[in-house]
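Structural overview
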Amino acid sequence: MAEYYTLQVAGLTRQLKRCRISEKLEIAAFILFSDVELTEACAKELAEKCKICNYDYIMTAECKGIPLAYELSRQTGKPYVVARKSIKGYMSNCISVAVHSITTNAPQTLYLDGEKANWLKEKRILLVDDVISTGESIAALEALTKQADGIIAGKAAVLAEGDAIDRPDLIYLAPLPLFEV
């Protein structure tokens, strides 16, 4: 029988299934997909906290950060871009960076279309993700922003997990524990 972690964030309560990601570690699976109420509430609170960043664009990595970036964009009127996990036929002159996050088994590459990279040039970029844990995904977004000659305005997430909880450079709504097994 699965164990759950009770999360309270943005005025809502959710039961997150605990998932083993290694022999010694479990995480509480936070997934915004299909939870419109949670996505809207988290985006509203995060938008308020991120006003201090004075950003021009929002950027996230494919895929779990997309609902949050979309809803932040909808609520704030700031456009968003997505760093993709593969090059699509409509993309050209891509820039890329390697990343290995806590929830993936192998290193991946994130790609940003050249046209989208041009949008970011000399603009202030808010980097967002659903959860920041090791910081690898947000660091990859930071590297892409720098390659595009953009300016990092802030780094934000709904939740910070593990060592990320103590990072002073992150804006987040609630901590999320890691579980040693």
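Now for a look at the structure at hand. (Residues numbered from 1 in each chain as written. Predicted model: local features only at pLDDT ≥ 70, side-chain atom pairs only at ≥ 80, totals over all residues. Heavy atoms only, no water.)

Let us now look at the nonpolar core. Most often, soluble globular proteins keep nonpolar side chains buried together rather than apart. One finds Val9, Phe30, Val158 and Leu159 to be the most contacted residues of the largest nonpolar core, which totals 33 residues. If you tally residues by element for this core, the top one is helix H1 (residues 36-49), at six residues. Judged by nonpolar contacts, the second largest core, of 25 residues, contains Ala83, Leu112, Ala140 and Leu170. (Core = buried A, V, L, I, M, F, W, Y, C linked by side-chain atoms within 4.5 Å. Buried < 20%, exposed > 50% of the residue type's maximum accessible area, 1.4 Å probe, protein only. Helix = DSSP H or I, 4+ residues; strand = E, 2+ residues; numbered from the N terminus.)

With that settled, the discussion passes to the side chain of Asp35. For Asp35, the location among the structural elements is in the loop between strand S3 (25-28) and H1. A polar contact is formed between the side chain of Asp35 and the side chain of Arg14, at a distance of 2.7 Å. (Polar contact = N/O pair within 3.5 Å; in protein donor to acceptor, adjacent residues only side chain to side chain.)

This part covers the pattern of salt bridges. In this structure the tally under the stated criterion is 12 salt bridges. Close ionic contact of Glu62 with Arg84 constitutes a salt bridge, the shortest N to O distance being 3.0 Å. In this pair, Glu62 is assigned in the loop between strand S4 (57-61) and helix H2 (66-76) and Arg84 in the loop between strand S5 (80-83) and strand S6 (95-99), connecting sequence segments 22 residues apart. Residue Glu62 is classed as buried on the basis of its relative accessible area of 18%. For Glu142, the salt bridge goes to Lys155, with nearest N and O atoms at 3.5 Å. Here Glu142 is found in helix H4 (residues 136-147), whereas its partner Lys155 is found in strand S9 (residues 151-161), with 13 residues between them in sequence. Here Glu142 matches Lys155 in class, with each residue buried. (Salt bridge = Lys/Arg side-chain N within 4 Å of Asp/Glu carboxyl O.)

Any functional reading would require information that these geometric values do not contain.
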